[in-house]
Amino acid sequence: MDIIRQIQKRRTFAIISHPDAGKTTLTEKLLLYGGSLQLAGAVTARKNQRATTSDWMELERKRGISVSSTVLQFDYDGYRVNLLDTPGHKDFSEDTYRVLTAVDAVVMVIDAAKGIEPQTRKLFEVCRQRGAPIFTFINKCDRPTRDPLALIDELERVLGIGAFPVNWPIGTGVDFRGVFDRQTRQMHLFERTDGGAYRAPVEIGGMDDPILRKRVDEPTLARVAEELEVLDLAGEDFDDASVLAGEKTPVYFGSAVNNFGVQLLLDGFLKHGPAPKGRAANGNALPPEHPEFSGFIFKIQANMDPRHRDRIAFVRVCTGRFERDMTVHHPRSARQVRLSSSHKLFGNERETVDEAWPGDVIGLVGLPGFGIGDTLTTDPTIAYREIPRFTPEAFAFLHNPNTSKFKQFRQGLDQLLEEGVIQVLDLPDAATRVPLLAAVGPLQFEVVQYRLESEYGAASRLEPAPWNVVRWLPPGFPPSELGSLVLPTGARLAYDMGRQPVILFPNEWAADYFGQTNSKVELSALPVANA
């Protein structure tokens, strides 16, 4: 019964959004209300304010965006919360997609002035494919916004999901005073704090409370009452089963930067969000209360602690109980591994953890040989296939301009490759051995260059490559037949990191032309698994 009780206490979720919708700010304010921070600062904080907790990389602070997912674990109201802050920019979407394999639900942040944006829609579709429950936070209600009813309509029309507003905004822009909770029929009127650094003072009462009504003008109250009547008559009903099935999203309005509505979102998610769910292993559903320990690695990060230059593997615990110093089976290498250096994570801060349960995310430090997607288990028959691979869309050569720094350059690039965000392709007939990098988006190359110099002291020079499309040859394609392929002008044969043959094309037209001239060869737009 102990494991069932521990599972019910866990909540593991990610926050997703289009860039600049306020995702990282909301992450920090959830920590403030969860009791893990005493003072919150914004991403655009002044120098005398604290830097954002979840953005630990110096480049993230300089650019004001998240470029790497971060795990933040804290206890609140009897729950153990594992919160994963993800990058919003499309060039870092591969990192985000991998994180979504490790969570049980997501909070989707929407800018109240912009509505559904392209990256939000892409991430929503990934969540829908995984059947993840989605909670929606419509942010920045203290700025000029679109009509709230129009935002709800867009959610349902564009995303094709039922939307139930759990609360409703009272005023918008500079007149935003708070929200009306439709389930308790109470108004929550907030007061602003200096820079949103502290919890916002709040007064709670009914719509007919004379003291609260003095804080809101009559036209606003009348409009809110009219909109609530429309929702009660024509809107969705709240249904826990539909929420957990990903068919309906509870919607919360607020302002993360001013702490309006943040606690209502946190409390609502913990009450209605899912406990850790079972996972498919070897084609069979494995419940979290399965007695044998198992988990999978969904992320690897090098140099989170610059003093030690180490690497940390992020593991989602799926079944059983994790204990520090336990010995587990690593199926890919077929060897036994002792897990002695295990940590609870909070951004780039660590704390040794002695045990963990399904739903928890732990960090394993200093263990070589681990890769993205690897299973760790005490039962050798368990193997997870959770991590998807993505097709690169950007290619560039990375030169080392300083030959005296070759060792640092090579070591740094090798460690960054282990994180799985970029790949190196091998051109077999290349005159010089310059690494050809491949990534989902070109900003990944900027991150590689920055980290090579700041973390390893190795400068680099980037040269754009002439290809924009990569396709995989069929598994087991005979090497003897590679020379007989008819390649269009500008196309090149290469090998990926798993030694699978690929063809690089300058554009989609060239890839289509290859298909016409080599009709018996069926190319794949998705990476081919290692043999």
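Considering the overall build of the chain
The helix and strand inventory of the chain stands at 13 helices and 30 strands. When the accessible surface of the chain is summed, it comes to about 22600 Å², and 50% of that surface belongs to carbon and sulfur atoms.

Points about the nonpolar core
Grouped together as the largest cluster of nonpolar side chains are 90 residues, with contacts concentrated most on Phe13, Leu26, Leu30, Val107, Leu155 and Phe298. Leave out the neighbours within four places in its chain, and Phe298 touches Leu84, Arg98, Val99, Thr101, Ala102, Phe314, Val315, Arg316, Val361, Ile372 and Ile387. Counting residues in each nonpolar core, the second largest holds 18 residues, with Ile297, Ala313, Met326 and Ile362 among its members.

Remarks on the sheet that holds strand 29 (residues 492-495)
Taken in spatial order, the 3 strands line up as 28-30-29 in an open sheet, and their pairing is antiparallel. Each edge of the open sheet carries a strand with a single partner, namely strand 28 (469-472) and strand 29. Averaged over neighbouring strand pairs, the angle between their axes works out to 35° when direction is ignored. As defined by bridge partners, strand 29 adjoins strand 30 (residues 501-505) across 4 bridges and the pair is classed as antiparallel. In the strand pairing of strand 30, Tyr495 is matched with Pro501. Across the sheet, helix 13 (residues 508-517) touches strand 28 and strand 30, and the angle it forms with strand 30 is around 125°.

Section: unusual backbone geometry
One non-glycine residue, Arg185, lies in the positive phi region at around 60°. Tracing the backbone shows Arg185 in the loop between strand 8 (178-181) and strand 9 (186-190). Of the residues examined, Arg185 reaches a relative accessible area of 39% and is grouped as partly exposed. One non-glycine residue, Asp325, lies in positive phi territory at about 75°. For Asp325, the position within the fold is in the loop between strand 16 (322-323) and strand 17 (326-330). For Asp325, a relative accessible area of 33% corresponds to the partly exposed category.

A word on the environment of Leu100
With respect to the helices and strands, the residue Leu100 is situated in helix 4 (residues 93-100). Using a relative accessible area of 3% as the deciding quantity, one classes Leu100 as buried. Separated by 27 residues in the primary sequence, Leu100 and Cys127 have C-alpha atoms spaced 7.3 Å apart. Setting aside residues no more than four positions away along its own chain, Leu100 makes contact with Ala14, Ile16, Val106, Leu123, Val126, Cys127 and Arg130.

Focus on the packing of aromatic side chains
Summed over all chains, the structure comprises 12 aromatic pairs. Centroid distance Phe298 to Phe314: 6.2 Å. Interplanar angle 50°. Geometry classified as tilted. A residue pair is termed long-range when its members are at least 10 positions apart, and Phe298 in strand 14 (residues 294-302) and Phe314 in strand 15 (residues 311-319) qualify at 16 residues. You'll find Phe298 and Phe314 in the same group, each marked buried. Ring centres 5.3 Å apart and planes at 10° place the aromatic pair Trp509 and Tyr513 in the stacked group. Separated by 4 residues within a single helix, Trp509 and Tyr513 lie in helix 13, roughly one turn from each other. Using a relative accessible area of 60% as the deciding quantity, one classes Trp509 as exposed.

Some thoughts on the pairing of strand 1 (residues 10-17)
Judged by how many residues are buried, strand 1 sits mostly within the fold: 8 of 8 residues are covered. Side chains Arg10, Thr12, Ala14 and Ile16 of strand 1 all project onto a buried face; the interleaved residues Arg11, Phe13, Ile15 and Ser17 project onto the opposite face, where all are buried too. Judged from the 6 bridges that link them, strand 1 and strand 3 (residues 79-85) form a sheet pairing that is parallel. The residue of strand 3 that forms the bridge with Arg10 is Arg80. Note: strand 1 against strand 4 (residues 105-111), 5 bridges, orientation parallel. Each bridged residue has a counterpart across the sheet, and for Ser17 the counterpart in strand 4 is Val109.

Parameters and conventions
- Residues numbered from 1 in each chain as written.
- Predicted model: local features only at pLDDT ≥ 70, side-chain atom pairs only at ≥ 80, totals over all residues.
- Heavy atoms only, no water.
- Helix = DSSP H or I, 4+ residues; strand = E, 2+ residues; numbered from the N terminus.
- Areas by Shrake-Rupley, 256 points an atom, 1.4 Å probe, with all protein chains shown as cover.
- Core = buried A, V, L, I, M, F, W, Y, C linked by side-chain atoms within 4.5 Å.
- Buried < 20%, exposed > 50% of the residue type's maximum accessible area, 1.4 Å probe, protein only.
- Contact = heavy atoms within 4.5 Å.
- Pairing = 2+ DSSP bridges.
- Axes fitted to C-alpha atoms, helices over the stretch in contact; angles between N-to-C directions.
- Phe/Tyr/Trp six-rings, centres within 6.5 Å; stacked < 30°, edge-to-face > 60°.

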